[in-house]
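Close look at the chain arrangement
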Amino acid sequence: LTYLCFNVGNNGPWADARVRQALRYALDMDSMVQLAFSGAAVTADSIYCNSLSCHVTPDADHTYSYDVEKAKALLAEAGYPDGFEINLWSNENQSRIDLCDMIQNAWAQIGVKANVQIMEFATELDLIHSGEHDAFIMGFVSAGDDGDFLHDNFYSTEDYSQNTSGYKNPRYDEIMDKARTSLDPEVRQECYAELQDLLNEELPWIPMACATNDYGMRATLTGLDP
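Here's a quick rundown of the structure. (Residues numbered from 1 in each chain as written. Predicted model: local features only at pLDDT ≥ 70, side-chain atom pairs only at ≥ 80, totals over all residues. Heavy atoms only, no water.)

1. Considerations on the overall build of the protein
Our working rule: Here a helix means four or more residues in a row that DSSP labels H or I, a strand means two or more in a row labelled E, and each is numbered from the N terminus. Each radius of gyration is computed over the set of C-alpha atoms, and the globule rule expresses the reference value as 2.2 Å times the number of residues to the power 0.38. Exposure classes here rest on a 1.4 Å probe applied to the protein chains alone. A residue is buried below 20% of its type maximum, exposed above 50%, and partly exposed in between. Residue contacts are defined here by distance: any two heavy atoms, one from each residue, within 4.5 Å place the two residues in contact. Note that His is not counted, nor are the chain ends; the positive residues are Lys and Arg, and the negative ones are Asp and Glu. Lysine's charge is taken at NZ, arginine's at CZ, aspartate's at CG and glutamate's at CD.
Broken down by element type, the protein carries eight helices and six strands. For the protein, the N- to C-terminal ordering of α and β elements is β-α-α-β-α-β-α-β-α-β-α-α-α-β. Expected size for 226 residues packed as a compact globule is a radius of gyration near 17 Å; at 18 Å, the protein falls within 12% of this value. With the principal axes as the frame, the protein shows a C-alpha extent of 55 × 45 × 35 Å. Counting over 226 residues, the protein shows a buried share of 46%. Looking at the protein alone, contacts between residues at least 24 apart form 76% of all its contacts between residues at least 6 apart. Counting 13 positive and 37 negative side-chain charges, the protein places the centres of these two groups 2 Å from one another.

Structure, rendered in structure tokens:
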């Protein structure tokens, strides 16, 4: 999963979910993903990639289209009709650099100035884990039905070494605790669906792309199961 993370714990304008939603509406994500990955990715609609059994298609109320006017309206509602500045980081990955350029141009259309900075990966991680970021683009390999991914990245008691968005929500913690203590896979799946919907509403992360894997093989090779 390629995603855009906001530091919602540093009290910037993006600490308001309406601002994060506005920034998402300002992005023509389908076009951006196709350009940045040269067609070798699909647009993500959840923090779980759609190939995973625990992926749930988001509720219609929490699905985002490209809508610049709605983005402007949400910014105005949140008290930022003239926009603001935000620092956007990436490491030296060309697809992520391309996404940063497109995001910078898109957000400029709603009055938000994104100051893009590209840095070495280890340096970026050190700064993120210290909570010094506004927003960054990163990749994460999300696992399946074990709860660790959803717990470590968004649970309130986790610090910036894991919960890099600084996201804190008692309702999220309550559902997460239920998922991690239930032995019933159906209960866990219901919890994960609710958690994905909550994250799609509040957007501490903006899911961007799920990369596809291409394999080259001899014509005589059969039975390959990646």
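2. A short note on the packing of helix α1 (residues 17-25) against helix α3 (residues 68-77)
Test applied: Here, axes are lines fitted to C-alpha atoms. For helices the fit covers the stretch in contact, and angles between N-to-C directions go from 0 to 180 degrees. Angles are sorted into four bins: roughly parallel if under 35 degrees, roughly antiparallel if over 145, roughly perpendicular if 65 to 115, and oblique for all others. Two helices crossing with the near one rotated counterclockwise from the far one by less than a right angle form a left-handed crossing, whereas a clockwise rotation gives a right-handed crossing. Amino acid classes used here: Ala, Val, Leu, Ile, Met, Phe, Trp, Tyr, Cys and Pro are nonpolar; Asp, Glu, Lys and Arg are charged; the rest, including Gly, are polar.
Packing of α1 against α3 leaves a shortest axis separation of 8 Å and a crossing angle of 160 degrees. Here α1 is positioned roughly antiparallel relative to α3, judged by the angle of their axes. Helix-helix and strand crossings are classified by hand; for α1 and α3 the assignment is left-handed. Along its contact with α1, which presents Arg18, Val19, Gln21, Ala22 and Tyr25, the element α3 presents Val68, Lys70, Ala71, Leu74, Leu75 and Glu77. Here the contact of α1 with α3 is composed, by residue class, of seven nonpolar, one polar and three charged.

3. Some thoughts on the sheet that holds strand β4 (residues 113-118)
As a reminder of what qualifies: For two strands to be treated as a pair, DSSP must find at least two bridges joining them.
Reading across from one edge, β2-β6-β1-β5-β3-β4 is the order of the six strands in this open sheet, with mixed pairing throughout. Unpaired on one side and paired on the other, β2 (41-43) and β4 mark the two borders of the sheet. Going from strand to strand, the sheet's axes swing by 25 degrees on average, the running direction of each strand aside. When strand β3 (residues 85-90) meets strand β5 (residues 135-139), the two strands line up parallel, connected through two bridges. Each bridged residue has a counterpart across the sheet, and for Trp89 the counterpart in β5 is Phe136.

4. Focus on the side chain of Asn200
With respect to the secondary-structure elements, Asn200 resides in helix α8 (residues 185-202). Each residue touching Asn200, except ones within four places of it in the same chain, is listed here: Asp45, Ser46, Pro58, His62, Tyr64 and Pro207.

5. Remarks on the layout of surface pockets
Quick note on the threshold: Cavity and pocket criteria rest on a 1 Å grid covering protein atoms alone: a 1.4 Å probe that fits but cannot get out defines a cavity, protein on both sides within 12 Å along at least 5 of 7 lines defines an open pocket, and an atom within 4 Å of a point defines a lining residue. Grid points are joined across faces, edges and corners, and a volume is the space filled by probe spheres set on the points.
Size it by volume and the largest pocket reaches roughly 400 Å³. Around the largest pocket sit 20 residues that line it, and Leu1, Cys49, Cys210, Ala211 and Thr212 are the ones nearest its centre. Within the residue set of the lining of the largest pocket, elements represented by two or more residues are α4 (94-108) and β6 (205-211). Counting residues per element, the lining of the largest pocket draws most heavily on β6, at three residues. Looking at the second largest pocket, its volume works out to about 240 Å³. Taken together, 17 residues line the second largest pocket, and the ones lying closest to its centre are Arg24, Thr43, Ala44, Thr63 and Tyr64.

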